[in-house]
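# Coordinate analysis (summary)
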Amino acid sequence: MPHDPFVLIFRVDDGELEVLEMDTFENRSENAIRIMREVVSLVPEKFEGRTGYVNFFDYPPAFPAGDYDLQFCSTRWQEGPSRFLPFPSSNSPGWPHVGIPDGYALTEDLLSWQSLPCDGRILWIGANTHPSRVRLAELAARHPQAIDAELMEWNRNTGNVRMPSKTRYVSMWDHRHAKYLIDCPGTGYSGRLRWLLATGRPVFIVDRAAIEHWHARMIPWVHFIPIRPDLSDLMWAYKRLESDPALYGMISENARQFVRNHLLHGREVAHIASQMPEPTQCALPRS
């Protein structure tokens, strides 16, 4: 059956996950299989004898995918209910192509790290995959004392960085050295957000249409700082936090606690399992 790219199609019989078809991009499909096997092991009776579809593209497909019993998606549109069951980002177990061999260990390490920032600016570095990223780089050129932002380019053939004279690579681990972090949308959602929140640094989040399933549970100015798509309020928000150390500390700790409560590996997989419909129920997600 024709389908969108970036999918895993499976069936479960006798508690075993059988992969019927999958598309491969980086290591997303292998990660999706790993996650799905863990979910199946928690509630095998809800999968038994059923076929399933997982979409792990950067934004949701336009329509559900045919006659599969269970349909999951790593992303949802921010506005309105999802047509799919939630599924973790397929980058969350690891993303070696951007220097993250073990995403779960990185989350734990970032949560446990206690240090003062070395750089008082807002940090962002990444590929040119959304207009807001270009606007951020332009804003950084005008406000270098407040923003350290740079566009770079990945060498997709090797997983390493192609480094022209004006670009550099900053590991996710080294993002903790900045006082502030900012997350821009990419082709759809941004897969790095879970790790940014774990650093203990306040994260400015540029509004986007496609989000991960847990994103809507965060509260603006409690877990993160909301920023308009045109970044017109970024400098105002930055100055507000600079003038209010208590607000800075509150958002930092709340973001970390959100990660502990919702995004640690076992908790996220358990949440996905809890959303599974009973075999006698319609397999559409509950609101």
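Residues numbered from 1 in each chain as written. Predicted model: local features only at pLDDT ≥ 70, side-chain atom pairs only at ≥ 80, totals over all residues. Heavy atoms only, no water.

## Examining unusual backbone geometry
Put simply, the test is: Strands are runs of DSSP state E lasting at least 2 residues, helices are runs of H or I lasting at least 4, and numbering of each runs from the N terminus. Each residue gets one of three labels from its accessible area relative to the maximum for its type: buried under 20%, exposed over 50%, partly exposed in between, using a 1.4 Å probe on protein chains only.
We note that D14 has phi near 55 degrees; this positive angle belongs to a residue other than glycine. Mapped onto the fold, D14 is located in the loop between strand 1 (7-13) and strand 2 (16-22). The phi dihedral of L231 is positive, around 65 degrees, even though this residue is not glycine. Note that L231 resides in the loop between strand 13 (225-227) and helix 5 (234-242). A residue is classified by how much of its surface remains accessible, and L231, at 5% relative accessible area, is buried.

## Here's the deal with the packing of aromatic side chains
Stated formally: Each Phe, Tyr or Trp ring, with Trp reduced to its six-membered ring, pairs with another whose centre is within 6.5 Å; inter-plane angles below 30 degrees give stacked pairs, above 60 give edge-to-face pairs, and intermediate values give tilted ones. Either the NZ atom of lysine or the CZ atom of arginine qualifies as a charge over a ring when it sits within 6 Å of the ring centre and within 35 degrees of the ring normal.
Applying the stated criterion across every chain, the model contains 14 aromatic pairs. Relative to F258, the ring of W214 lies with its centre 6.0 Å away and its plane at 55 degrees, an arrangement referred to as tilted. Note that W214 is positioned in the loop between strand 12 (210-212) and strand 13 and F258 in helix 6 (residues 245-263), a separation of 44 residues in sequence. On the basis of relative accessible area, W214 is assigned to the buried category, the value being 1%. Taken together through their ring pairs, the aromatic side chains of F6, F56, F57, Y59 and W77 make up a single cluster. The cationic tip of R240 hangs over the ring face of W221; the distance from NZ or CZ to the ring centre is 4.2 Å.

## Here's the deal with the confidence of the model for the chain
Selection criterion: Scored from 0 to 100, pLDDT reflects the predictor's confidence in each residue. When checking whether two residues touch, look at their non-hydrogen atoms; a contact exists if any pair is within 4.5 Å.
Here the chain averages 89 in pLDDT, while 91% of its residues score no lower than 70. Confidence drops under a pLDDT of 50 for residues 157-166, and excluding neighbours within four residues, the segment shows 17 contacts in the predicted structure.

## With respect to the pairing of strand 3 (residues 51-55)
Applied cut-off: Paired strands are those between which DSSP finds at least two bridges.
Taken across its 5 residues, strand 3 has 5 buried, putting it largely inside the fold. Side-chain alternation along strand 3 places T51, Y53 and N55 on one buried face and G52 and V54 on a second face that is also buried. Pairing of strand 1 with strand 3, which is carried by 5 bridges, proceeds in the antiparallel orientation. For L8, the partnering residue across the bridge sits in strand 3 and is V54.

## Observations regarding the pattern of salt bridges
Worth spelling out the cut-off: In what follows, salt bridge is the name for a side-chain nitrogen of Lys or Arg lying within 4 Å of a carboxyl oxygen of Asp or Glu.
Tallied over the entire structure, the rule returns 12 salt bridges. Residues D58 and R28 are paired through a salt bridge, measuring 3.0 Å at the closest nitrogen-oxygen approach. Here D58, found in the loop between strand 3 and strand 4 (70-73), pairs with R28, found in helix 1 (residues 28-42); they are 30 residues apart in sequence, far enough to count as distant. Exposure remark for D58: the relative accessible area of 12% places this residue in the buried category. D183 serves as the salt-bridge partner of R208, at 3.1 Å between the closest nitrogen and oxygen. With a gap of 25 residues between them, R208 in the loop between strand 11 (203-206) and strand 12 and D183 in strand 10 (residues 178-183) connect regions that are remote in the sequence. With relative accessibility at 7%, the residue R208 sits in the buried group. Here D183 falls in the buried class, since its relative accessible area comes to 0%. Overlapping salt bridges bring together D119, R121 and D148 as one network.

## Brief notes about the environment of H175
By the secondary structure assignment, H175 is in the loop between strand 9 (160-162) and strand 10. By relative accessible area, which is 2% here, H175 ends up buried. With 122 residues separating them along the chain, H175 and Y53 place their C-alpha atoms 35 Å apart.

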